[in-house]
Amino acid sequence: ISIKWNQTLTINLNLPYPKLTYNGLLQVITPSSTPTFVSVLVKYNGSTNEPINAGTYTVTAEVADTTTYYSAPTSGSLTVEKRGLTVIDAVANSKVYDRPDVATIDLSGATLGGFVSPDVVTVSGGGVFDSSNAVTLIAVTANLTLGGANAGNYTLSQPTYLAAEIDPLELTVPDAEAQDKVYDG
């Protein structure tokens, strides 16, 4: 004769904080249970794979051995927020007046501050001069974007220190000749 009974099990998810910032590591939730020796299965959006990337995940925990213990699944939400990046040492390029206010930004010596190694993240784009007129040292508003395999885990703070010159356009008149004239007072 074998006797089976279901015992009630209590599971606590122990979510770290409602929100975490992306750090490139697996976000493992370790639930606690009463009794403590019972194996608990944790799922993230229905999968047993722990999340790494930024996003919001529904976390559920349920007892692994349903023949001996019973517990309704416990669930909660885990948000991994995108990590903020800054562009360091970007340089706005000066140009000769050409009417549009489009600015180019030299990123060849720039670095991204705040990214998690070995993530692949790139930055590209240009900017806009605050005026299209020929001016010495005019502010440039950057419009840079992130790219690369891990760009979705980051947000970008645009550089605010950019300035460059719009030099006057030198005009030449081809084949111009001065005409002689008699002084007429």
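What you see is a predicted model; the values in this text were computed from it and never measured.

What follows covers the overall build of the protein. Along the backbone of the protein there are zero helices and 17 strands. For 185 residues, the compact-globule estimate of 2.2 N^0.38 gives 16 Å, and the C-alpha radius of gyration of the protein, at 31 Å, exceeds that figure by more than 25%. Structurally, the protein occupies a C-alpha span of about 135 × 25 × 25 Å along its principal axes. When the 185 residues of the protein are sorted by exposure, 30% land in the buried category. For the protein, contacts bridging at least 24 residues in sequence account for 60% of all contacts bridging at least 6. About 12000 Å² of surface is accessible on the protein, with carbon and sulfur atoms providing 53% of the total.

Before going further, it helps to examine the sheet that holds strand E16 (residues 154–157). Strand order in this open sheet of three strands is E13-E9-E16, and the pairing throughout is mixed. Both edges of this open sheet fall to strand E13 (111–113) and E16, since each of them pairs with a single strand only. Strand-to-strand, the axes of this sheet are offset by a mean angle of 40 degrees, without reference to chain direction.

This next bit is on the sheet that holds strand E8 (residues 74–81). Each strand in a sheet pairs with its neighbour through backbone hydrogen bonds, running either in the same direction (parallel) or in the opposite one (antiparallel). Within the open sheet, the four strands sit side by side as E3-E8-E6-E5. Their pairing is mixed. Only two strands of the sheet have a single neighbouring strand rather than two, namely strand E3 (19–21) and strand E5 (40–44). Adjacent strand axes in the sheet meet at a mean angle of 25 degrees, parallel and antiparallel pairs treated alike. Where E3 lies against E8, three bridges are found, and the strand directions are parallel. Opposite Leu20, over in E8, you have Val80 as the bridge partner.

Turning our eyes to something else, we now look at the pattern of salt bridges. All told, the structure shown has three salt bridges when counted by the stated rule. For the salt bridge of Glu81 with Lys19, the shortest nitrogen-to-oxygen distance reads 3.6 Å. Of this pair, Glu81 sits in strand E8 while Lys19 sits in strand E3, placing them 62 residues apart in sequence. By relative accessible area, which is 33% here, Glu81 ends up partly exposed. Taking the shortest distance from any N to any O, the salt bridge between Asp98 and Lys95 comes out at 2.8 Å. Judged by relative accessible area, Asp98 falls into the partly exposed class, the value being 43%.

Here E16 shows one buried face, formed by Tyr154 and Leu156, and one open face, formed by Thr155 and Ser157. Examined bridge by bridge, strand E9 (residues 83–88) and E16 share four bridges and lie parallel to one another. The residue bridging Leu85 from the neighbouring strand is Leu156, located in E16.

Next up on the list: unusual backbone geometry. Residue Pro118 follows Ser117 across a cis peptide bond; omega there is 10 degrees. With respect to the helices, strands and loops of the structure, Pro118 is situated in the loop between E13 and strand E14 (122–129). Not every positive phi belongs to a glycine, and Arg99 is a case in point at roughly 85 degrees. Residue position: Arg99 is located in the loop between strand E11 (95–96) and strand E12 (102–106).

We now examine a nonpolar patch on the surface. Together, Leu26, Val28 and Ile52 make up a nonpolar patch on the protein surface, roughly 250 Å² of accessible area in all. Inspection of the secondary structure puts Leu26 in the loop between E3 and strand E4 (32–34).

With that settled, the discussion passes to the confidence of the model for the protein. The predicted coordinates of low-pLDDT regions are not to be read in fine detail. Residues of the protein with pLDDT of at least 70 account for 92%, and the chain-wide mean is 89. Across residues 1–5 the pLDDT falls below 50, and counting only partners more than four positions away or on other chains, this stretch makes three contacts in the model.

Parameters at a glance
Residues numbered from 1 in each chain as written. Predicted model: local features only at pLDDT ≥ 70, side-chain atom pairs only at ≥ 80, totals over all residues. Heavy atoms only, no water. Helix = DSSP H or I, 4+ residues; strand = E, 2+ residues; numbered from the N terminus. Rg over C-alpha atoms; globule rule 2.2 N^0.38 Å. Buried < 20%, exposed > 50% of the residue type's maximum accessible area, 1.4 Å probe, protein only. Contact = heavy atoms within 4.5 Å. Areas by Shrake-Rupley, 256 points an atom, 1.4 Å probe, with all protein chains shown as cover. Pairing = 2+ DSSP bridges. Axes fitted to C-alpha atoms, helices over the stretch in contact; angles between N-to-C directions. Salt bridge = Lys/Arg side-chain N within 4 Å of Asp/Glu carboxyl O. Patch = residues over 30% accessible without salt bridge, like charges linked within 9 Å, V, L, I, M, F, W, Y side chains within 5 Å. pLDDT = per-residue confidence, 0-100.

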